Every structure is written in structure tokens, then in C-alpha cells.
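# Working through the structure, step by step
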Amino acid sequence: MQNVPFDQLEVGMVAERTRTLKAEDLYVYANSSGNVNPMHLPKEDGDGDGQPESVAPGMWIASLISAVLGCKLPGPGTLYHAQTLRFVGRAHAGDELTCKVRLTEKGDDRLVKFDTWVEDGDGTRILEGEAEVFAPDKSMSFEASDVPGLTVQQHVHFDRLLTLAEPLPPIPTAVVAPESPDALAGAILGARHTLIDPILIGHADRIGEAAEAEGIDLSPYRIVDMRDHRLAAQEAVRMVLDKEAAAVMKGHLHTDILLGEIVKREGGLRKGGRRLSHVFVMDVPGLDHLLMVTDAAINIAPDLHTKADIVQNAIDLAIALGIEQPKVGVLSAVEVVNPAIPSTLDAAALSKMADRGQITGGLVDGPLAMDNAINLAAAATKGITSLVAGRAEILVAPNLESGNMLAKELTFLAHAEAGGIVMGAKCPVILTSRADDDQARLASCAIAALVAERGAK
């Protein structure tokens, strides 16, 4: 940025700047100013009309004037003295706004006056006023590259999944042992958003106690009284096989009891001999796509054959969620094959299996270290030429420990939301945790609904 010092300013000089108002700008302003008026928040209905308003705060619009004066004319070194404002219109998230200033008067002590106004995309003024500023007394320039960026902790990718899933018919879902408040609340939340139609299988008295604790009316829902967790899991499997249910949801029982019934060779839900695997679907703030981490919950130390199933399961899930050709990064500690690190050998083999059609539907590359799997600059630095490196949408961990740590690091350090689902069975299996918040539970139900919808076609 280059300024125009006071002695070079001439009446009639003009400057302008155009900016699109984004929804995240409204969140940033709410946090920095403390103004959390719901009229100015993207998802809130501030006036009770049933629709979110997303009206730009007046002072946010006024700040565009400050940006022109401080960055363009007069530019760096300028300080405000006074500003009048008259709001003659409104701006909303998504609008393109142009701020313009025109120098009208030069006074003593470097005090200068400007006409100031802001227009929307069709040239209609929404703000008018006059600014008085102290212009800089000498020429100077400024490089703004060291100003840190901001990442808004919103989860737009999960919002998109909910938008895709909510219009679909709710999938009948066998909920096994919803006998604690959190387990029952997750199922009912999915039902209220028309994602699932829960069939509550478990100890009826305990389900009733959980409902009372959460203030839930159970009258709209079917309850199957099963007072043994293994029998409840068996009933859920039967319902899927008999087409009474299209998904299974874990409640308040041990995961191994539920999965033990699902993977039975006789009467279970195994699909073509494929191994079951868990996928964390993650919405990481600042990342422009969903990120999937697998397997972090079922297969402890998978061999090559199991890893091939893990990769295929994740690709199938990604396609169901709208990713046409998922990019799979098979992780290790390094990006070169090293016989001393077995995971690099498996990664190379998986890549070749995808090349030969043994894994289908996605692009698979490995071994990749975490940095060059998700960051293009890191991949370029290492000289990696790949359609996956730096762009991976699915991260395949070497083992359960590393996958679990990666998913939880993203959740608790990068503020990601995570939905969890088990793939490889004849229906999606929803795994929820007591630590999940409402958005994570909804996302898991939405993911299951989209998988079931694709499987029904």
C-alpha cells in the first residue's frame, strides 16, 4: 500500500474498494464487537418471521469507509477525526459492496474532508456520510503480508450434508439399547430432523427413565422390550435382514457386543465377505472439503487385505456423500517406501491395487506423510507429483492407534466436528459417543441417511 501525503492531496481525488460480505464476516464482527444481535447472525431468525435475516451491522458497513481511507486515500498513516453516517439501505450476507470516497476540502493541521458512501451491486447507495481525517505528512508504503489470517469455527460441510439428507424420507433405524439419556437423545434428535425413524430396542423401563431425564415424549416411537444387550443386537440384525430397518444405531452398550452380532458369518450383516471398518467424517474449520479418517475404531492392526477393504469402504462412503472420485492418501511417517517401516510397503501395495482395479472408484496414493497428504506446498517441497498429494479427502491410518489419535487431535485441537459410521455391512451402522455434541450426532444420522439412499438405488 502506498499513501498520498497531505501536500500531494488535491480536492476531487477519489478512491474505492469492493468487497463481498460473507457469512463468516458476520461471525467475526459479532465476536470482535460483542454485538450478537440475532438480526446480524447468519442462521438466526432475529425478528420472528421464520427466516434468518443475515443483515450486515451498520458499523461493519461503516468500517469499509475506514478501509478505503486507511489503505488507499490518503492511505497508511491516516487517522480519523470525525465521521457522520446516514443509513439509507441494508446489506445482507452475499452482497457485493463498493465503498467510495471523494476529497472535498483541505484544512489546517493536515485535516481533510471526504464525502463517503457505500453502494450495493446495482449501484444503490446504502450508506452516506462525511469523514474528517488527519492525512499523513510524508510519503510511506506498507506491506500487510504479516497480518495473521482468521479461521471461523463454523462447519459448513456438515450443514451441506444436513441440507442434502433432510428432504429424504427418514430411514427406519434399529437403535440398540438407547438406555441412557445421551444415547436416547441422539436418536430422537435425528428423528426430529427427519433423518431417521428410530425403533428403540432395549430395556423398556430404562428407556423410559432416560426419556424422563431428557424430557422426551416416547409416544411417537416404537419400543421393542429386550432386556439383554446381545438379544437386542440380534433383534436389530434381524430387522435389517427382514427389511424392517435400513440402518443400525449404537446406544448404551459395548461396541463389541453390537458388532459381534453384525459380523456373524451366519445370520449377520457382512457384505460379500468384506471387513467392516469405521470412518470418521470430519468437518475441519478452514478446510474447503470434508476430511475422512479411517480406521480409528474397529481394526486394531489391519493387514494388507483388511486395509484394502478399509480403503474401499471409505471410497464408497465418500461417493455416497457426493464426492465423485475421492482422493485417498495412505499415511505413514514418510513418503518413500522403506522396508524398515511396514506401513510404507502396505501403502505402496494399496496404490498399485487401485491402479490394477482391485480397489475402485477413487484415486489412491501412498505412502504419504501427513503434511504432504493434505498440503500442496509440502508436497511440492518434497517433489511429489501426484493427483492425491496435497489434496487428500480420505486419510488411511496405518493402525487404529494412529487413526484414533489423528481424529481426536482434529476434534480437540483443530475444532473439527466428527460424525462416525461403520461401513462394509449390508446397512450403515451409526456409532455415537457420549462426547458427541448435537451437530456431530446429526451429522452421523445424515451420513447414514445418504448412504442408505445410495444403497437403495
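Summary of the structure given here. (Residues numbered from 1 in each chain as written. Predicted model: local features only at pLDDT ≥ 70, side-chain atom pairs only at ≥ 80, totals over all residues. Heavy atoms only, no water.)

### A few points about the overall build of the protein
Across its full length, the protein holds 13 helices and 17 strands. For the protein, the C-alpha atoms occupy an extent of roughly 90 × 60 × 35 Å along the three principal directions. Residue burial in the protein is summarised as follows: out of 457 residues, 49% are buried. Contacts in the protein between residues far apart in sequence, at least 24 positions, make up 69% of those at least 6 positions apart. With an accessible surface of roughly 21,500 Å², the protein has 50% of that area assigned to carbon and sulfur atoms. Averaging the locations of the 41 positively and 63 negatively charged side chains of the protein gives two centres separated by 6 Å. (Helix = DSSP H or I, 4+ residues; strand = E, 2+ residues; numbered from the N terminus. Buried < 20%, exposed > 50% of the residue type's maximum accessible area, 1.4 Å probe, protein only. Contact = heavy atoms within 4.5 Å. Areas by Shrake-Rupley, 256 points an atom, 1.4 Å probe, with all protein chains shown as cover. Lys, Arg positive; Asp, Glu negative; His and termini not counted. Charge placed at Lys NZ, Arg CZ, Asp CG, Glu CD.)

### With respect to the sheet that holds strand β12 (residues 291-294)
Strand order across the open sheet formed by 11 strands is β9-β8-β7-β10-β17-β16-β11-β12-β15-β13-β14, with mixed pairing between neighbours. At either margin of the open sheet sits one strand with a lone partner, and together these are β9 (222-225) and β14 (363-368). Direction of pairing for strand β13 (residues 327-331) relative to β14: parallel, over a ladder of 4 bridges. The residue of β14 that forms the bridge with Val 328 is Val 364. Packing of helix α5 (residues 204-214) onto the sheet brings it into contact with β8 (196-202) and β9, and relative to β8 it is tilted by some 125°. Running at roughly 45° to strand β11 (residues 277-283), helix α8 (residues 304-320) makes contact with β11, β12, β13, β14, β15 (394-396) and β16 (417-423) of the sheet. (Pairing = 2+ DSSP bridges. Axes fitted to C-alpha atoms, helices over the stretch in contact; angles between N-to-C directions.)

### So, the packing of aromatic side chains
For the coordinates displayed, the defined rule picks out 0 aromatic pairs. Just above the ring of Phe 6 sits the side chain of Lys 106; from NZ or CZ to the centre is 4.4 Å. (Phe/Tyr/Trp six-rings, centres within 6.5 Å; stacked < 30°, edge-to-face > 60°. Lys NZ or Arg CZ within 6 Å of the ring centre and 35° of its normal.)

### Observations regarding a negative patch on the surface
A surface patch of like charges, here negative, comprises Glu 44, Asp 45, Asp 47 and Asp 49. If you trace the backbone, Asp 47 turns up in the loop between α1 (23-33) and α2 (58-71). Overall, the relative accessible area of 46% leaves Asp 47 in the partly exposed class. (Patch = residues over 30% accessible without salt bridge, like charges linked within 9 Å, V, L, I, M, F, W, Y side chains within 5 Å. Salt bridge = Lys/Arg side-chain N within 4 Å of Asp/Glu carboxyl O.)

### Side note on the environment of Val 396
Here Val 396 is to be found in strand β15. For the pair Val 396 and Asp 137, spaced 259 residues apart in sequence, the C-alpha to C-alpha distance is 59 Å. If we skip the residues at most four places from it in the chain, Val 396 touches Thr 294, Ile 310, Val 311, Val 328, Gly 329, Val 330 and Leu 331.

### A few points about the packing of α8 against helix α9 (residues 342-355)
Interaxial distance between α8 and α9 falls to 10 Å at its minimum, and their mutual angle equals 55°. Here α8 lies oblique to α9, going by the angle between them. Crossing of α8 against α9: the hand is right-handed. Of the residues in α9, those in contact with Leu 304, Lys 307, Ala 308 and Val 311 of α8 are Ser 343, Asp 346, Ala 349, Leu 350 and Met 353. Residue classes in the contact of α8 with α9 are distributed as 6 nonpolar, 1 polar and 2 charged. (Parallel < 35°, antiparallel > 145°, perpendicular 65-115°, else oblique. Left-handed = near helix turned anticlockwise from the far one by under 90°. Nonpolar A, V, L, I, M, F, W, Y, C, P; charged D, E, K, R; others polar.)

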